[in-house]
Amino acid sequence: MAGNGIANGARAALLAVQGLSLSAGLAAGLAAGPARAQGPVPAQPPAQAAAPQSVAPASAPAGPSEPVTRAGYFYIGGRYQKLGDKTVMVGQMFVQSRSPARITQAYPVVMVHGLAQTGVNYLATADGRPGWVQRFVEKGYPVYVVDQVGRGRSGTNPEVYGPYDRLGTRSLERTHTAPEVYDLYPQAKLHTRWPGGAGVPGNAAFDQFFASQVPFLANSQQTEELVDPALLALLEKIGPAILITHGQAALFGWAASDARPDLVKAHVAVEPNGPPFFDVQFRGGKEFWEKTGDGRARAYGLTRMPLTFDPPAKAPEDLIVAQQAKGSDAKGGDPKGGDGRIRCWLQGEPVRALPNLAKVPTVVVTAEASFHATYDECTIAFLTQAGAKPDVVRLADQGLHGNGHMMMLETNSDAVADVLAGWIAGRVK
């Protein structure tokens, strides 16, 4: 495979030297070469995957000598910068692609990972099963997976980007892989879906997962400043697409939806970074949470970078913040809320709208046993208050119980992917 990639890259370079033009996609495909899928692909596309009228005619089914999927990679964004006596590249973002031999869906899917992670979260599970990329390719979608700028395969460079941080085992155990062991929030004890039991060192799936963790930029706002333009550049290159974001990546999904609602056909926000405005930390017991610091973690509610409010918010101070009263919840006092949810910070009067986000079909997806079950309602309430009207998918309501924040790696990961695909099928025309 590596030899073929090198040969194809050389061929692309030779053609370029000879003055023969190549499209960007073809050149990338030649450089990367074909790759086999991680798992079996149905011989026929799913019944619901009939090609829309607006889609170009699908290619013929793969022959015996053709790959069942095609894979490649490229870099988007980036610029040269002088650093002392050397010139380096900064701001580039790694993009991995995989598509079925027969594309049956109108728009590709772009998957963006969260804090301390890379795109490998979507490639396979920590116990060796095919991941969400394979599941969506089987459904006829081309899929693009990124590594955030300054992280993983996009390249780390403290000289350019500044200090890095990384998470230790305990941080991940407490909220991601073994919350039932720590019981820091009411839903934690419901967690049952990590492969092989509680996700702690010595569990083979946890060991694989922790091996995949990477350093990340310590400056959160700088992360948004770097990733937002790179993600927009990717959308401008590939055209309209469906975004699937996880955790921290929702920051970039909101920014892309706000800047180019014409290019974001839908935003699947899997447990989006939150709650609005402030961070919280969990300590267990009856009063299980507290605000982390007095400064706004997300100055514009959902993001640190400005969004398009109406009337405009020229500075964060233009947004009035009001916390819900005790005894109420994000759904306006629904008695089914109460225990197990934080009190949200929302906009105070005058409430400003987010007209661009309102144009993008959006869903917030929450797992039953995740720490996000305590505050995703706040993100939903903030969006609704601003006129965006997001859909809501609670996995427990879909019969999927016991999941935590890393649902794409857990024992029912395929079933979770199918729920996301079902929502997309119903909302993206």
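Per an unreviewed UniProt entry, the protein chain is named Protein of unassigned function, and its organism is Methylobacterium oryzae CBMB20.

A. The arrangement of the packing of helix H8 (residues 220-238) against helix H9 (residues 250-259) in detail. The contact between H8 and H9 brings their axes to 9 Å, and the two run at 55°. Comparing their axes, H9 and H8 come out oblique. The two elements H8 and H9 meet at a crossing, and its hand is right-handed. Of H9, the residues touching H8 (which contributes Thr223, Glu224, Val227, Asp228, Leu231, Leu232 and Leu235) are Leu251, Phe252, Ala255, Ala256 and Ala259. Of the residues that constitute the contact of H8 with H9, the class distribution is nine nonpolar, one polar and two charged.

B. Region of interest: the sheet that holds strand S10 (residues 264-270). Read across the open sheet, the eight strands follow the order S1-S4-S6-S5-S9-S10-S15-S16; overall the sheet is mixed. Strands at the two margins of the open sheet, each flanked by one partner only, are strand S1 (69-76) and strand S16 (391-394). Going across the sheet, the axis of each strand differs from the next one's by a mean of 20°, ignoring polarity. Of the pairings in the sheet, the one linking strand S4 (residues 93-100) to strand S6 (residues 143-147) comprises five bridges and is antiparallel in character. Opposite arginine 98, over in S6, you have valine 143 as the bridge partner. Together, strand S9 (241-246), S10, strand S15 (362-366) and S16 form the strand contacts of helix H11 (residues 413-427), whose direction differs from that of S10 by roughly 150°.

C. Up close: the pairing of S9. Taking burial as the measure, the six residues of S9 include six buried ones, the bulk of the element. Here S9 shows no split at all, with Ala241, Leu243 and Thr245 on one side and Ile242, Ile244 and His246 on the other all buried. Pairing of strand S5 (residues 109-112) with S9 involves four bridges; the strand directions are parallel. The residue of S9 that forms the bridge with valine 110 is leucine 243. Relative to S10, S9 is paired through six bridges, and the arrangement is parallel. By the bridge assignment for S10, isoleucine 244 is matched with valine 268.

D. Here's a closer look at the packing of aromatic side chains. Enumeration according to the criterion identifies 16 aromatic pairs in this entry. Consider the rings of tyrosine 73 and phenylalanine 94, whose centres lie 5.7 Å apart with planes at 25°: the pair is stacked. A residue pair is termed long-range when its members are at least 10 positions apart, and tyrosine 73 in strand S1 and phenylalanine 94 in strand S4 qualify at 21 residues. Classification of tyrosine 73 by relative accessible area gives partly exposed; the value is 45%. For phenylalanine 94, a relative accessible area of 6% puts it in the buried group. Judged by centre distance (5.5 Å) and plane angle (65°), the ring pair of tryptophan 194 and phenylalanine 209 falls under edge-to-face. Pair noted here: tryptophan 194 is in the loop between helix H6 (179-182) and helix H7 (204-211) and phenylalanine 209 is in helix H7, with a separation of 15 residues, a long-range link. On the basis of relative accessible area, tryptophan 194 is assigned to the buried category, the value being 2%. Pairwise contacts between aromatic rings join Tyr185, Phe282, Phe288, Phe371 and Tyr375 into one cluster. The aromatic ring of phenylalanine 74 is capped on one face by lysine 237, whose charged end is 5.0 Å from the ring centroid.

Thresholds applied
Residues numbered from 1 in each chain as written. Predicted model: local features only at pLDDT ≥ 70, side-chain atom pairs only at ≥ 80, totals over all residues. Heavy atoms only, no water. Axes fitted to C-alpha atoms, helices over the stretch in contact; angles between N-to-C directions. Helix = DSSP H or I, 4+ residues; strand = E, 2+ residues; numbered from the N terminus. Parallel < 35°, antiparallel > 145°, perpendicular 65-115°, else oblique. Left-handed = near helix turned anticlockwise from the far one by under 90°. Contact = heavy atoms within 4.5 Å. Nonpolar A, V, L, I, M, F, W, Y, C, P; charged D, E, K, R; others polar. Pairing = 2+ DSSP bridges. Buried < 20%, exposed > 50% of the residue type's maximum accessible area, 1.4 Å probe, protein only. Phe/Tyr/Trp six-rings, centres within 6.5 Å; stacked < 30°, edge-to-face > 60°. Lys NZ or Arg CZ within 6 Å of the ring centre and 35° of its normal.

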